[in-house]
Amino acid sequence: MYNQQEVARLRGGMALIIKSAMDPNPSGNYFSYAEHQDPNVREPWKYQLQRLVQLGVMALEFACKEGKNPDGLVQAGSIRLIEILTHANSWNCFSKVSSQTAATEQLCLQQLGLRTRLYPIAGHLVREQALQAKDANQHALEGVLRLSLRPLFKLSGEEKRTVAVRFLEEVLTTASLVTHLPVGLVEVIASVEVVDALLDAALSSDASLENVNPKDCSNWEGSTALCVAFNLINLFDKATKESKAEIEPRIYLIYLQALRKHFAQGVDDLRAANSKPEYESVLLQMQPLLNRSWFQRFLVATHSSSYTEKVEAQDSFVLVACVYYSLIELLVICHGATGKEAVVAMIPALNVLAFTPGIQQSLWFQAAKMLRIPGEIPAEVASAAKVAVWDIEELHGGVREITESGPLSAVFGLFCRTYNHLLLVLDDDDFFDRQEPFTIPQLQAITAALNTLVYRSIIRTEAPKWKNNQSEESQFPSLLSDATTLLRSLYDRDCRRSFCPPDLWLAPADCGPQIGTDSSGPCGKEIISQVLKTCPQTMRFEERASIFRETVIDAKLRHRPHPMPFFGQDMVVPITIHRGTELEDAYSHLLGLSTDRLRTRWMVSFVNEQGLEEAGLDGGGLLKELLTEVSKKGFDPRYGLFESNADGEIYPSPAAENVEHGLELLEVMGKMIGKAVFEGVLVEVSLANFFAANLLGRYSYLDSLPSFDKDLHRNLVRLKQYEGDAAELCLDFTIEEMVFGKRVVHELRPGGKDIPVTNENKLQYVHLVAHWKLNKSMGKVMGAFARGFYSVVEPQWLQIFSVKELTQLLSGGHFEVDLDDLRAHTKYSGGYQDGSRAIRMFWKVLSTFSSEEMQRFLRFVTSCPRPPLLGFKHLTPPFTIHKVVEDTTPLLQFSDLERLPTASTCNNMLKLPNYRKESTLRDKMLYAIGANAGFDLS
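In this text, all values refer to a predicted model and were calculated from it rather than measured experimentally. (Residues numbered from 1 in each chain as written. Predicted model: local features only at pLDDT ≥ 70, side-chain atom pairs only at ≥ 80, totals over all residues. Heavy atoms only, no water.)

## A few points about the overall build of the protein chain
Here is step 1: Helix and strand counts for the protein chain stand at 42 helices and ten strands.
Here is step 2: Taking the contacts inside the protein chain whose residues are at least 6 apart along the sequence as the reference set, 75% of them involve residues at least 24 apart.
Here is step 3: Element-wise, carbon and sulfur atoms account for 51% of the exposed surface of the protein chain, whose accessible area totals about 42300 Å². (Helix = DSSP H or I, 4+ residues; strand = E, 2+ residues; numbered from the N terminus. Contact = heavy atoms within 4.5 Å. Areas by Shrake-Rupley, 256 points an atom, 1.4 Å probe, with all protein chains shown as cover.)

So this is what it looks like as structure tokens:
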């Protein structure tokens, strides 16, 4: 409690002292004692003057903290009194300030700066302003700040440094001070001389500042050094360019080091406490980190001569990486985010990093140096490389060994996140042709490292333990996830347009521990499941397709229908289809079927145009015919459900939702194709890239747009690369489409019709257009198809395949026909056997067919020109050769030997006459498959 009586006496004396200072007559003037000849009079007066300074500060503190003077008279009077006592030029009784008077002024400034509570008062008022308290007095704050800065201008040496430290401790430890104060008050502090003095003090007293608690104005506490450095670099930015430029890197160093220390502790504490601070508060405190120009200053500063004299340049870059990696973690925690929300939380920092030129190269080569692995694979090495070259031995320890080094995990993790973020906006021209930001040899090195790292992390004996032990090494799953995400992005690029040799993807599995289906040991089913989930490309496609078929078989056993209690027969789903209305009948039968009934056996029967049921039992052939005929009709663009691109690849029509029952019909089409995949029936269809990606649960970006509209993609790329003024093109953030002849305008972002496309936002426009076309406008129709497809085939079953591989799963493999395999799994009927003379001639003739002729043959007998993925063992129904019995009845005008071979594609059956000559068999077969003639259903 302050001496109120003393303060009260001072009130009465304030007016007299101020009046005396303003009086130019030295006779009887209080301040004339400054040059009194008698030291016995002058020295006591000096002591009294210093005492008045002390009492003035006491009165000011009382008025500010107690709030007993609403009109501010005591505050204003105290401030004015202290100004006069510490400023000899305001003593009007002297026309010129002598050295003796100046010495008196110096004593008062020393008293004010070193021995009063002026700086705690200034800090109190600053925090009131920052908190926007009701009793905050901006006029008083400005006056006190000016008083607190006066000793910094007048004192020198150690006294000046001490005053600067007091200012730092009491004022600049206020969190986000510069962002809270009005511009005018910031300018009071941000003078060149003051900023230089504060920078010098901070650099010389950093250790002592750590003992001072931060004066926090938010709900999130930061270290003292962090608060001081944050405020100082903002003041430095506002000061003139004449300030000491060589100090800039050093204060950035303090800021970055303080951030690194604070983040390391803060992130662990927040994660352990399972709590989160205010997101806005963190963003405010970290604002310099989220500004690209500031980030570039950090990079320049940490490579400056004043810094690198003490620390190597690579260590400075590692410091920046550590800070930003921790910042991203903190943003995610503060946002309380997971999954896609976590990505959104990272965006402010990722935008700064990913779009700064050269940052990805710096991060990658720094990580490669720390890992002791090559940063690129020379072309001559890659072309002659054996499989083992792509299995990076230094990464056999997996992610766990990287996380043992905090700096390494930060550099590598930051590289994975920023490069993956950049890949979202890099088109294939940038990636493959201009090779930005990495050349193909560098990309191969990056991909090989990621492929090895992810695979080895999964198959290590202790790998499964991380899922139950995240508290010990919380970075392990995060870093593995980052590496896996980037690896998947690069693999998707390679699937679309190859830049890596096939051996690269298979190398870790080929050179490492072999994965089997045995559930015992470290490489059991759990490991297989993890490999298929994270890096399926390390297993051969045939192996994954085999696992898929085994999964389907297990599902069939689980969904096997129970026998009917009285008849001892399986309960099947009867489906009657009328010729000419296949799709409509399928719609009525299948729309409401559950997953169990969709996966069970269907008993298909057809009704002809005359309304009579066609003869025959469905042994699998009629199901195939149903799937084939419904697919053929549904995929026909004239029906309005699907469209095709320039390459003949199909995708759901955006206008299908306007067709009567269009979405329901698309759902039925999804069920039909799902059933075909489930039963292993090949359907000759090629899906557009973006459509197949959607079925695999993957988001489509600009690079997938050519599979929808090549011309639109070409125009968007031209806009992206346009070097002129984009505003001259008169575009805005809208997109038009025609619906039944009516023009409909959609805004790509809120208020888009009023937002012009400029050079600054054209990249956003390009990607919003691609997003609208591929995801938003197609969302309902692709969702309807996927809903039907997923009701038969589980989505996770398909995650192990790429977009191209999904097409092979639907339509068969793109490889040569194995004639021995076909013969081994061929059945015979009508009297033929494998040893029959006509059959021996048939296989001999078939062995002479070219690849194109073999494709025609397969199309002729199965309706699909490609063989099954896993061989003809999985052809449904099995390939059958049926003997056409010779008929020499006089009623016939020709011999059976003149007949052409025919086929029943629904049964995968070739009806082969019993030819006697090999040449006749060959000629007839080539004619039949070339003319597509002779189809019938028997």
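And the narrative resumes.
## A closer look at the side chain of Asp482
Here is step 1: By the element assignment, Asp482 lies in helix 25 (residues 475–496).
Here is step 2: Its relative accessible area of 11% is what places Asp482 among the buried residues.
Here is step 3: If we ignore the near neighbours within four places in the chain, the residues touching Asp482 are Tyr325, Gly413, Cys416 and Arg417. (Buried < 20%, exposed > 50% of the residue type's maximum accessible area, 1.4 Å probe, protein only.)

## Description of the sheet that holds strand 10 (residues 909–913)
Here is step 1: Spatial ordering of the open sheet is given by 7-8-10-9, a layout of four strands whose pairing is mixed. Two strands bound the open sheet, and with one partner strand each, they are strand 7 (827–829) and strand 9 (902–904). Within this sheet the neighbouring strands show an average axis-to-axis angle of 25°, counted without direction.
Here is step 2: Where strand 8 (residues 880–884) lies against strand 10, five bridges are found, and the strand directions are parallel. Within strand 10, the residue paired with Lys883 across the bridge is Leu912. (Pairing = 2+ DSSP bridges. Axes fitted to C-alpha atoms, helices over the stretch in contact; angles between N-to-C directions.)

## Looking at the nonpolar core
Here is step 1: Phe412, Tyr419, Leu490, Trp602 and Phe691 are the most contacted members of the largest nonpolar core, which totals 168 residues.
Here is step 2: Per-element tally for this core: the top contributor is helix 17 (residues 313–335), with 13 residues.
Here is step 3: Non-local contacts of Phe412, meaning those with residues more than four positions away in its chain, are made with Ala367, Leu371, Ile402, Leu450, Leu453, Leu479 and Ala483.
Here is step 4: By size, the runner-up hydrophobic cluster in this structure holds 69 residues, among which are Ala34, Cys64, Leu112 and Leu125. (Core = buried A, V, L, I, M, F, W, Y, C linked by side-chain atoms within 4.5 Å.)

## Describing the packing of helix 4 (residues 99–114) against helix 7 (residues 157–172)
Here is step 1: Put simply, helix 4 and helix 7 touch, their axes get as near as 9 Å, and they point 35° apart. Crossing handedness for the pair helix 4 and helix 7: left-handed. Residue-level contacts link Gln110, Gly113 and Leu114 of helix 4 to Glu159, Thr162, Val163 and Arg166 of helix 7.
Here is step 2: A per-class count over the contact of helix 4 with helix 7 returns two nonpolar, three polar and two charged. (Left-handed = near helix turned anticlockwise from the far one by under 90°. Nonpolar A, V, L, I, M, F, W, Y, C, P; charged D, E, K, R; others polar.)

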